[in-house]
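Single-letter residue listing:
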Amino acid sequence: MKLVFFGPPGAGKGTIAGKLAADRALPHVSTGELFRTAIKDHTPLGIQITDMMDSGALVPDSLTVEVVRKRLEQDDARGGFVLDGFPRTIPQADALSRTSDLSLVLNLIVGDETLIARLSGRRVCVSCGFNYHIKFLPPKKTDVCDRCQGTLMQRKDDTEVSIRRRLDVYQTQTEPLIEYYRDKGLIADVDGSPPPDDVYAAVLEVLGI
Ligand code: AMP
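Note that this is a predicted model, so its numbers are computed, not measured. (Residues numbered from 1 in each chain as written. Predicted model: local features only at pLDDT ≥ 70, side-chain atom pairs only at ≥ 80, totals over all residues. Heavy atoms only, no water.)

Chemist: Quick one: what's the story with empty space enclosed by the protein, residue by residue and with numbers?
Modeler: Applying the stated criterion to the full structure yields one cavity of 30 Å³ or more. The volume enclosed by the largest cavity comes to roughly 40 Å³. Lining the largest cavity are F5, F6, G7, K13, G85, F86, P87, R88 and T174. Of the residues in the lining of the largest cavity, the class split is four nonpolar, three polar and two charged. (1 Å grid on protein atoms, 1.4 Å probe; cavity = no way out; pocket = protein on both sides within 12 Å on 5 of 7 lines; lining within 4 Å. Points joined across faces, edges and corners; volume = space filled by probe spheres on them. Nonpolar A, V, L, I, M, F, W, Y, C, P; charged D, E, K, R; others polar.)

Right, dumping it as structure tokens:
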């Protein structure tokens, strides 16, 4: 299975893609995670993209396509993968189509108000990357990860100004991909507004699992 999870920031792509990838033993390839790791490790790529990411802008296509190409060339991605956050532009989608025949693009649909509430309350474990929410999924102990005891932080791009920018970028640069993939018969729409377990069940149904 070669899947793409598509949708605006805060739609739940990371949560649902991560669970599906773990359950089906497929690599979960999140460009956002790959970039955050590069920033944390102070690699040349990380240094180059820090300001863009913090502000909510997209990383240039040339850099992004290269990162994904290298990741999908690894052995574990031969039999399939679950992409999350890629592609985000038409040139990225064109580049992907040259190397991979996608099985399906799952389009998670969530309204703006819910997205803003989810993103502004999100907290992420700096050690294992698990996502919490101060209201919808609070940790047992404030700012401590239930799973690994790591510290929970707010992502730098989850501030009000960056969230607004990311939603704007999504509408102008990423949303046109819905028609791009619909024309290819690859889109499956899924309501992403219910709690994660319900969204996950709907995704499994769409996939016939
Ligand atoms: P995410 O974790 O998917 O919300 O991505 C966080 C940030 O990483 C985005 O706001 C962009 O700055 C960058 N990013 C992630 N994926 C891409 C992509 N496919 N193209 C360009 N920038 C990306």
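Chemist: Provide a residue-level description of the nonpolar core, including the pertinent values.
Modeler: Among the nonpolar cores identified, the biggest contains 23 residues, and F5, I16, L106, L108 and V203 are the most heavily contacted of them. When residues of this core are traced back to their parent elements, those giving at least two are β1 (2–6), α1 (13–24), β4 (104–109), α6 (112–120), α7 (160–174), β8 (187–191) and α9 (196–207). Apart from the residues within four sequence positions on either side, I16 is in contact with F5, L108, P196, V199, Y200 and V203. (Core = buried A, V, L, I, M, F, W, Y, C linked by side-chain atoms within 4.5 Å. Buried < 20%, exposed > 50% of the residue type's maximum accessible area, 1.4 Å probe, protein only. Helix = DSSP H or I, 4+ residues; strand = E, 2+ residues; numbered from the N terminus. Contact = heavy atoms within 4.5 Å.)

Chemist: Please provide a residue-by-residue account of the layout of surface pockets, values included.
Modeler: When its volume is computed, the second largest pocket comes out at roughly 600 Å³. Lining the second largest pocket are 19 residues, with R36, K40, V126, R155 and K156 sitting closest to its centre. Put simply, the parts of the chain that give the lining of the second largest pocket at least two residues each are α2 (31–40), α3 (44–55) and β5 (122–125). Per element, the largest residue contribution to the lining of the second largest pocket is five residues, and it comes from α2. Here the residues of the lining of the second largest pocket are counted per class, giving seven nonpolar, five polar and seven charged.

Chemist: Could you give an account of α7, with specific residues and numbers?
Modeler: Here α7 contains 15 residues, and its C-alpha end-to-end distance of 20 Å stays within 8% of the 21 Å for a straight helix at 1.5 Å per residue. Taken together, the buried positions of α7 are S162, I163, R166, L167, V169, Y170 and T174. Projected onto a plane normal to the axis of α7, the buried residues spread over an arc of 160° and lie on a single side. Away from its buried face by more than 90 degrees, α7 exposes E160, V161, R164 and T172. (Expected span 1.5 Å × (residues − 1). Arc of directions from axis to C-beta.)

Chemist: Can you explain unusual backbone geometry? Please cite residues and give values.
Modeler: The omega angle of the peptide bond from F86 to P87 is 0°, so this bond is cis rather than trans. Tracing the backbone shows P87 in the loop between β3 (81–84) and α5 (90–99). Of note in this structure, A25 is not a glycine but carries a positive phi near 55°. Along the chain, A25 turns up in the loop between α1 and β2 (28–30). Owing to a relative accessible area of 69%, A25 belongs among the exposed residues under this scheme. With a phi close to 55°, H42 is a non-glycine residue in the positive phi region. Relative to the elements of secondary structure, H42 occurs in the loop between α2 and α3. Classification of H42 as exposed rests on a relative accessible area of 61%.

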